[in-house]
Amino acid sequence: MPNYGVPPVALARGEGCRVWDTAGREYLDLIAGIAVTSLGHGHPALVEAVSSQVATLAHTSNLFLNEPEVLLAERLRGLLGGDGRVFLANSGTEANECALKLAIKYGRANGRSYFVATENGFHGRTMGALSLTGKASIREPFGPFALDVRFVPYGDADALKAAVGADCAAVFLEPAQGEGGVVPPPEGYLTAARQICDAAGALLVGDEIQSAIGRTGTWFAFEHEGARPDVLTLAKGLGGGLPIGACVAFGPHGDLFAKGDHGSTFGGNPVAAAAALAVLGTIEKDGLLANAVAVGDVLAAGLGAIRHPLLAGVRGRGLWRAAVLTGPHAPAVEAAARDAGFLVNAVQPDALRIAPPLVLTAAQARSFTDAFPAILDAVSQSREG
Ligand SMILES: *Cc1c(COP(=O)(O)O)cnc(C)c1O
């Protein structure tokens, strides 16, 4: 179907942070399949976990328990303070559908009928998650929606406070807007959101589908402000390339569903769960949280030192950054970077997203920041020519 257009490159294989296209051209992968391949390509721990699990037991459905799904749920609980209950799904949007159904149940039980989400936020493409997605050009062609969702400007605690009244069931927030262009909120916003939801009795749903699993240098981005949401959604980096999503609900919210309220045939798939366990184990064993901080700083310092008429600055945290451009140059810069052997993503017209595997080395980061001025020059010159 034409929904993606035709992507400019067909990839054939990968190794670590490098990928090769079908013509044999090599690239440094600085986007990781949209913040997904957290261990890079072909990591031995992931290959071993997936290969041995697919040979042992590839699928059970939710009619039967399997060991990897239980171990994964326990592992996530352990990383999150011990009182979470976990639903495993197959994607980010499905993790959010689970969170939304929990929030609907919470709302019905407490006489709360509407939801708050943020302008330019992104929560997925299925009808529930789409109704919470703040980008009108994505959402509106498929409306109207069954839910009352009110959008507030992201990062504005006063606007959030004004929107969250006694009838509000839940607030859906990303800790930084990923698809919005890797846009962090002002310091203190997540803490304020936590307090606003507590005061109003609304659930805080943290969409960490893009921001979690080490991307910002901590397991979860909410840790930077210590503002744990009531419901947390995960996907992208969790499976290291295998499709998986998770919805974690804390305290009493973990018991909102009754038997039969939700389900997924593939959710809790043992191969995907084994992949996620390998990802979490390797991040811990190889110190990849610290690597994300250190190499993220190299990337930010390198980009921040460049003086160029097309470059306005750099934002983000850890290995989740945007090079902010002075105009709508991102598609051209993405193409010029590709010509120079680097895969990045024009996430917004004026923002280039960099979300590499967490195993990126400082030397690899420098190879990109060293090449970036010439990449920008190539765009300026093609403009002038
Ligand atoms: C990618 C993303 C989603 C949707 O995940 P899919 O796996 O594409 O369905 C939802 N929320 C955020 C914050 C995301 O970055």
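All figures in this text were calculated on a predicted structure; none of them were measured in a lab.

Visitor: Pulling in residues and values, what's your account of the site of the ligand?
Guide: As a matter of local geometry, the ligand sits amid S91, G92, T93, N96, F122, H123, G124, E174, D207, I209, Q210 and K236. Within the contact set of the ligand, an oxygen atom lies 2.7 Å away from a side-chain nitrogen or oxygen of Q210. K236 places a side-chain nitrogen or oxygen 2.6 Å from an oxygen atom of the ligand. Contact with the protein chains removes 81% of the 380 Å² of surface that the ligand exposes when unbound.

Visitor: Describe the side chain of H123, with residues and values.
Guide: With respect to the element layout, H123 can be found in the loop between β5 (114–118) and α5 (127–132). Under the relative-accessibility criterion, H123 is labelled buried at 2%. Those residues in contact with H123, other than ones at most four positions away along the chain, are T93, N96, A129, L132, T133, F172, L173, E174 and D207.

Visitor: Account for the UniProt feature "modified residue: N6-(pyridoxal phosphate)lysine" (unreviewed entry) in the chain, with residues named and values stated.
Guide: Summarizing the sequence annotation, UniProt attributes the feature "modified residue: N6-(pyridoxal phosphate)lysine" (unreviewed entry) to K236 in the numbering used throughout. When its relative accessible area of 21% is taken as the criterion, K236 is described as partly exposed. Sequence-distant contacts of K236, defined by excluding residues within four places in its chain, comprise I34, A35, V36, E179, I209, Q210 and I244.

Visitor: Residue-level account of the nonpolar core, with values.
Guide: In terms of nonpolar packing, the biggest core is built from 59 residues, with F220, L234, L238, I283, F368 and F372 touching the most fellow members. For this core, the leading source of residues is helix α9 (residues 270–285), giving 8 residues. A domain split of this core shows at least three residues from each of domain 1 (11–36 + 287–382) and domain 2 (45–285). Apart from residues lying up to four places away in sequence, I283 is in contact with L39, I213, W219, L288, L289 and L358. Listed in part, the 21 residues of the second largest apolar core include A99, L102, F115 and A170.

Visitor: Kindly report on the pairing of strand β12 (residues 320–325), identifying the contributing residues and their values.
Guide: Within β12, 6 of the 6 residues are buried, leaving the element largely enclosed by the surrounding structure. The alternating pattern of β12 places W320, A322 and V324 on one face and R321, A323 and L325 on the opposite face, and all of these are buried. Pairing analysis gives 6 bridges linking strand β11 (residues 311–317) to β12, with the strands arranged antiparallel. Across the sheet, G313 pairs through a bridge with V324, a residue of β12. Hairpin connection between β11 and β12: a loop of 2 residues separates the two successive antiparallel strands, and G318 in this loop has a positive phi of roughly 60°. Bridge analysis of β12 against strand β15 (residues 351–354) gives 4 bridges, and the strand direction is antiparallel. Considered in β15, the bridge of A322 is made with R353.

Visitor: Which residues make up the UniProt feature "binding site: N(2)-acetyl-L-ornithine" (unreviewed entry) in the chain, and what values go with them?
Guide: Listed under "binding site: N(2)-acetyl-L-ornithine" (unreviewed entry) in the UniProt record, and renumbered for this structure, are R125 and S264. As for its position among the elements, R125 is in the loop between β5 and α5. You can call R125 exposed: its relative accessible area is 56%. In contact with R125, other than residues within four places in its own chain, are T93, L130 and I138. Structurally, S264 is set in the loop between β10 (245–250) and α9.

Visitor: Outline the environment of L46, listing residues and values.
Guide: Relative to the assigned elements, L46 resides in helix α2 (residues 44–56). Residue L46 is classed as buried on the basis of its relative accessible area of 10%. As for L46 and V116, which are separated by 70 residues in sequence, their C-alpha atoms are 38 Å apart. Leaving out residues up to four positions away in the same chain, L46 has contacts with L39, G239, G240, A275, A278 and V279.

Visitor: Any details on the packing of helix α3 (residues 67–79) against α9? Residues and values, ideally.
Guide: Look at α3 against α9: their axes get within 8 Å of each other, and the N-to-C directions meet at 35°. With respect to the hand of their crossing, α3 and α9 are arranged in left-handed fashion. Contacts between α3 and α9 involve P68, E69, L71, L72, R75, L76 and L79 from the former and P270, A273, A274, A276, L277, L280, G281 and E284 from the latter. Split into classes, the residues belonging to the contact of α3 with α9 amount to 11 nonpolar, 1 polar and 3 charged.

Visitor: An account of the sheet that holds β11 is needed here, citing residue identities and associated values.
Guide: With respect to topology, 4 strands assemble into an open sheet ordered β11-β12-β15-β14, the strand pairing being antiparallel. Two strands bound the open sheet, and with one partner strand each, they are β11 and β14 (345–348). Adjacent strand axes in the sheet meet at a mean angle of 30° when their direction is disregarded. Together, β11, β12 and β15 form the strand contacts of helix α10 (residues 288–304), whose direction differs from that of β12 by roughly 10°.

Visitor: I'd like a rundown of the pattern of salt bridges, residues and numbers included.
Guide: Per the stated rule, a full pass over the model turns up 15 salt bridges. Ionic pairing is found between E334 and R338, a salt bridge with its closest N-O pair at 3.1 Å. Taken together, the positions of E334 and R338, both in helix α11 (residues 330–339) and 4 residues apart, correspond to about one turn of that helix. Per residue, the accessibility class of E334 equals that of R338, and both read buried. Several salt bridges converge on common partners, so that one network encompasses E15, R18 and E26.

Reading the values: rules and limits
Residues numbered from 1 in each chain as written. Predicted model: local features only at pLDDT ≥ 70, side-chain atom pairs only at ≥ 80, totals over all residues. Heavy atoms only, no water. Near = heavy atom within 4 Å. Polar contact = N/O pair within 3.5 Å; in protein donor to acceptor, adjacent residues only side chain to side chain. Areas by Shrake-Rupley, 256 points an atom, 1.4 Å probe, with all protein chains shown as cover. Helix = DSSP H or I, 4+ residues; strand = E, 2+ residues; numbered from the N terminus. Buried < 20%, exposed > 50% of the residue type's maximum accessible area, 1.4 Å probe, protein only. Contact = heavy atoms within 4.5 Å. UniProt positions renumbered as here; feature names shortened; annotations may be inferred. Core = buried A, V, L, I, M, F, W, Y, C linked by side-chain atoms within 4.5 Å. Domains from an automatic or database assignment. Pairing = 2+ DSSP bridges. Axes fitted to C-alpha atoms, helices over the stretch in contact; angles between N-to-C directions. Left-handed = near helix turned anticlockwise from the far one by under 90°. Nonpolar A, V, L, I, M, F, W, Y, C, P; charged D, E, K, R; others polar. Salt bridge = Lys/Arg side-chain N within 4 Å of Asp/Glu carboxyl O.

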